[in-house]
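The primary structure of each chain is shown beneath.
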Amino acid sequence: MVAASTTLGSFESPISAFIQGASRGIGLEFVRQLVSDPAIGSIVASCRSPDGADDLRVLAHDSGKRLTLVPMDVTIESTVERAAARLTESGQALDLIVNCAGVLHDNDSGMRPERRLADIDPEQMIRSYRVNAVGPTLVAKHFHGLLSSRKKTVFASLSARVGSIGDNRLGGWYAYRAAKAAQNMITRNLSIELRRRRPDVICVALHPGTVDTDLSRPFQRNVPSRQLFPLDRAVRQLLSAIDSLTPQDNGGFRAFDGESIEW
Ligand SMILES: NC(=O)c1ccc[n+]([C@@H]2O[C@H](COP(=O)([O-])OP(=O)(O)OC[C@H]3O[C@@H](n4cnc5c(N)ncnc54)[C@H](OP(=O)(O)O)[C@@H]3O)[C@@H](O)[C@H]2O)c1
């Protein structure tokens, strides 16, 4: 039976979820909201350094063993493989996988979105591709066998509207745009391959809107306040969009409000 206050009423409960990239931002807020949802039986959350992810550790401590943390750096395949093996050993099957890890800028390495060709740094382009595009692909490679065969199963990856080729009218942000466009193509590919194994799986790319996180912070100045979502609202919207997905949505690119975005 599904608890009345669940945000994911279209799933069979108890729901088992995996949130990838959960140390901060949208991923952390996914975990926070899911852990307080009575329909969620178990959550596995991954991040690069669980020992240093204080907010996650507090949530895990208070979760009554419903939340488990696993280390994973999506640019290091062995860590993805190890995390999947751990879940397999524990007999865990997953109803919902959400890939959240992403990178747009990074002060430590000087990574920033390019305004013009002169700003292109090939190493940073490759890094963006490895985190934003290759990361969710490795998760699919090692985790697809863990997807449950229940009524509703979702494999979602957080993408970005700026990854839409058809919607690109401003230019710039070469690495991030291209990496998210690649991620979108990979999501579409996965939606086809995963379906061959599990006819009801729903595989989608989701645009969260502009959300008040570290990722968007340097670029918020020109965003009207009504279009800058606080984290709690952004994740409520994303969970609602996930809850509304049907098998017909497999292979789609959708915004937080369910609107379809052109590729
Ligand atoms: N915020 C927005 O306005 C917005 C808009 C459109 C799309 N998105 C997308 O939404 C997703 C979440 O963004 P956010 O705003 O929550 O970003 P954020 O606050 O900057 O958090 C990024 C997350 O990605 C993780 N990460 C980075 N590199 C990683 C790696 N190699 N392996 C594993 N994890 C890694 C970070 O972990 P560490 O703590 O270890 O660095 C952190 O948990 C991203 O895919 C982003 O592209 C965001």
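Note: the structure precedes this text.
Residues numbered from 1 in each chain as written. Predicted model: local features only at pLDDT ≥ 70, side-chain atom pairs only at ≥ 80, totals over all residues. Heavy atoms only, no water.

Notes on the state of the cysteines
In protein chemistry, a disulfide is the covalent bond that joins the sulfur atoms of two cysteines. Evaluated as defined, the whole model comprises zero disulfides. For Cys100, which is in no disulfide, the shortest distance to another cysteine sulfur is to Cys47 and amounts to 12 Å. For Cys203, which is in no disulfide, the shortest distance to another cysteine sulfur is to Cys100 and amounts to 14 Å. (Disulfide = S-S within 2.5 Å.)

Some words on the site of the ligand
Near the ligand you find 28 residues, and of these Ser23, Ile26, Arg48, Tyr176 and Thr213 are the closest. In the model, an oxygen atom of the ligand is placed 3.3 Å from a nitrogen or oxygen of the Gly102 main chain. A distance of 2.5 Å separates an oxygen atom of the ligand from a polar atom in the side chain of Thr213. In isolation the ligand exposes 900 Å². Once the protein is present, 92% of that is buried. Of all the elements in the fold, those that place two or more residues in the shell around the ligand are helix H1 (25–35), helix H5 (174–197) and strand E7 (210–211). (Near = heavy atom within 4 Å. Polar contact = N/O pair within 3.5 Å; in protein donor to acceptor, adjacent residues only side chain to side chain. Areas by Shrake-Rupley, 256 points an atom, 1.4 Å probe, with all protein chains shown as cover. Helix = DSSP H or I, 4+ residues; strand = E, 2+ residues; numbered from the N terminus.)

Re the packing of aromatic side chains
For the structure on display, the rule yields five aromatic pairs. With a centroid separation of 4.5 Å and 5° between ring planes, the pair formed by Phe18 and Phe143 is classed as stacked. Here the residue Phe18 occupies a position in strand E1 (residues 15–20), and Phe143 occupies one in helix H4 (residues 122–143), the gap between them amounting to 125 residues. The same class applies to Phe18 as to Phe143, namely buried. Pairwise contacts between aromatic rings join Trp173, Tyr176 and Phe219 into one cluster. (Phe/Tyr/Trp six-rings, centres within 6.5 Å; stacked < 30°, edge-to-face > 60°. Buried < 20%, exposed > 50% of the residue type's maximum accessible area, 1.4 Å probe, protein only.)

Examining the pattern of salt bridges
When charged atoms on two side chains of opposite charge get close, those side chains can pair. Under the definition given, this model contains 14 salt bridges. Residue Arg161 is joined to Glu259 by a salt bridge in which the shortest nitrogen-to-oxygen separation is 3.3 Å. In this pair, Arg161 is assigned in the loop between strand E5 (154–158) and H5 and Glu259 in the segment after strand E9 (253–255), connecting sequence segments 98 residues apart. Given a relative accessible area of 25%, Arg161 falls into the partly exposed group. Note that Arg217 and Asp214 form a salt bridge whose closest N and O atoms lie 2.7 Å from each other. Asp214 gets classed as partly exposed once you look at its relative accessible area, which sits at 37%. A network of salt bridges, in which partner residues are shared, links Arg24, Asp212, Asp214 and Arg217. (Salt bridge = Lys/Arg side-chain N within 4 Å of Asp/Glu carboxyl O.)

Re the nonpolar core
Leu8, Ile19, Phe30, Leu56, Leu67 and Ile242 are the most contacted members of the largest nonpolar core, which totals 45 residues. No other element matches H1, which puts six residues into this core. Dropping the residues within four chain positions of it, Leu8 is found in contact with Ile15, Leu34, Asp37, Ile40, Leu96, Leu239, Ile242 and Asp243. With 25 residues, the next largest nonpolar core counts Met72, Ala83, Val131 and Val201 among its residues. (Core = buried A, V, L, I, M, F, W, Y, C linked by side-chain atoms within 4.5 Å. Contact = heavy atoms within 4.5 Å.)

What to know about the pairing of strand E6 (residues 202–207)
With six of six residues buried, E6 is to be regarded as a mostly interior element. On E6, burial covers both faces: Ile202, Val204 and Leu206 on one face and Cys203, Ala205 and His207 on the other are all buried. Relative to E6, E5 runs parallel, the two being bridged by five bridges. Within E6, the residue paired with Phe155 across the bridge is Cys203. The parallel pair E5 and E6 is bridged by H5, and the resulting crossover is right-handed. Across three bridges, E6 lies against E9 in parallel orientation. Bridge pairing links His207 to Ala255 in E9. (Pairing = 2+ DSSP bridges. Right-handed = clockwise from strand over helix to strand, strands pointing away.)

A short note on the sheet that holds strand E2 (residues 40–47)
Strand order across the open sheet formed by seven strands is E3-E2-E1-E4-E5-E6-E9, with parallel pairing between neighbours. The sheet is open, and its two edges are formed by strand E3 (67–71) and E9, each paired on a single side. Neighbour to neighbour, the strand axes of the sheet diverge by 20° on average, direction disregarded. Sheet strands touched by helix H6 (residues 231–244): strand E4 (96–99), E5, E6 and E9. Its angle to E6, the strand with the most contacts, is close to 150°. (Axes fitted to C-alpha atoms, helices over the stretch in contact; angles between N-to-C directions.)

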